[in-house]
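# Per-entry structural report
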Amino acid sequence: MDYARFNYVAQPGDFEKGVRMTPPRFGVYDYYTVKWNYTPVFDVADMWEEYEVTSEWIHEASFDPVYRYGKQQSTVVDPRSQSEDLGDDAVRASEYGIANLKYILDNLGKWVGKDDRDYSFRRGIYESVQEQYMQYLLHVYANVGGIYLYEKMEGDPVPMYESTPASRQTAAFRFLLKQLDDLDWIDNVPLVSGLGMLERPSDTMRDLLVKMLVSCPEKVELSAVKSKETEPYTPEICLDELCSNIWKPTLANSVLTSAQKETQRLFVGYLGKGAGIKVNMGEKAEASYNEPSLAYFVPDNRSPLYYDKFMESLAIVRKAARRSRDRDTRLHYELLEILMEKALK
């Protein structure tokens, strides 16, 4: 059974071309299961000889990935076995899905305006769009530090497990970084203006994204340890890229947008937490996303790694506070500097 309820990668116009919007009733694995369970096996003396024949069918199928069975996971370890995901490329599938969510928000008022005078339908759809967007982010997030798991029998030509390729982890991480710069669409001012006083969904999503990104270096450790690649995706590579991205506009001496300021503020808070430093960033509660953990693996203490990046970030902030010519941007850096230095005392 697969929890793929609808074809979210289909784009406007695909239905007219004959593309299915809902999953087929039966897939190749379903037909294989029927074959294995109900095909008569003749010329055998007993059930044990029959079992040898049907077991050979399983062995033969283990060569073909379309027959791979991925168990349902409460904590996602294998990114290929997730609920409600489509395809073999989570980044590409999520890009298609997000494009559809943007299309829905841009057209929702035109589609239902006359039939939704109290905005109740639009409010429900708007909330569902936010939930679906988070689902797409999590589909990609699972690839960072992911480990492929296999149902292996003796003699099968597959390993018990293998780390998600470094290239795929890198692509997933960069997708999440990119989302930080593309959250305005979910606030959809024309739509939200009719829904009453609401907090900006982009603020909540930004908080969740930054928390997820800062958690990634610890998340990739087991995958890096188990990887057989000559250049695995490591916590150091992950955190270096994150810091470079967060402070890129600062190092370019750019005037920061309000979104960039908020991203940096959140980053400093979560980075400090990773280093064991409590940075008082205000009373706002953390986003409600709980980082999953893996049993039977004790990771190295990564506080020194986070501390190193915290101090590196403080040096960047100090320099920026002295050279920025834009008043609001300079005050942003001065406040960050005070909060970070206070946290160190």
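What counts and how
Residues numbered from 1 in each chain as written. Predicted model: local features only at pLDDT ≥ 70, side-chain atom pairs only at ≥ 80, totals over all residues. Heavy atoms only, no water. Helix = DSSP H or I, 4+ residues; strand = E, 2+ residues; numbered from the N terminus. Buried < 20%, exposed > 50% of the residue type's maximum accessible area, 1.4 Å probe, protein only. Areas by Shrake-Rupley, 256 points an atom, 1.4 Å probe, with all protein chains shown as cover. pLDDT = per-residue confidence, 0-100. Contact = heavy atoms within 4.5 Å. Core = buried A, V, L, I, M, F, W, Y, C linked by side-chain atoms within 4.5 Å.

### A closer look at the overall build of the protein
When you go through the protein residue by residue, the secondary structure sums to 13 helices and 2 strands. Expressed along its principal axes, the backbone C-alpha trace of the protein runs to roughly 85 × 60 × 30 Å. Across the 345 residues of the protein, 42% fall into the buried class. Counting every atom, the protein has about 20,600 Å² of accessible surface; 54% of that belongs to carbon and sulfur.

### Side note on the confidence of the model for the protein
Residues at a pLDDT of 70 or more form 93% of the protein, whose mean pLDDT is 88. The secondary-structure element of the protein with the lowest mean pLDDT is helix α6 (residues 189-192), recorded at 80, while helix α5 (residues 166-179) shows the highest, at 98. Note on residues 285-296: pLDDT under 50 across the span, and 22 contacts to partners over four residues away in sequence or across chains.

### Some words on unusual backbone geometry
With a phi close to 65°, Y119 is a non-glycine residue in the positive phi region. Mapped onto the secondary structure, Y119 falls in the loop between α3 (90-112) and α4 (120-141). Positive phi, normally seen in glycine, also occurs at N188, with a value near 25°. As for its position among the elements, N188 is in the loop between α5 and α6. Judged by relative accessible area, which is 10%, N188 ranks as buried.

### Notes on the nonpolar core
Counting residues in hydrophobic clusters, the biggest one holds 70 residues, and the most contacted among them are Y133, F173, L242, W247 and F267. The contact partners of L242, leaving out residues within four places of it in the chain, are F173, L177, L213, V214 and F267.

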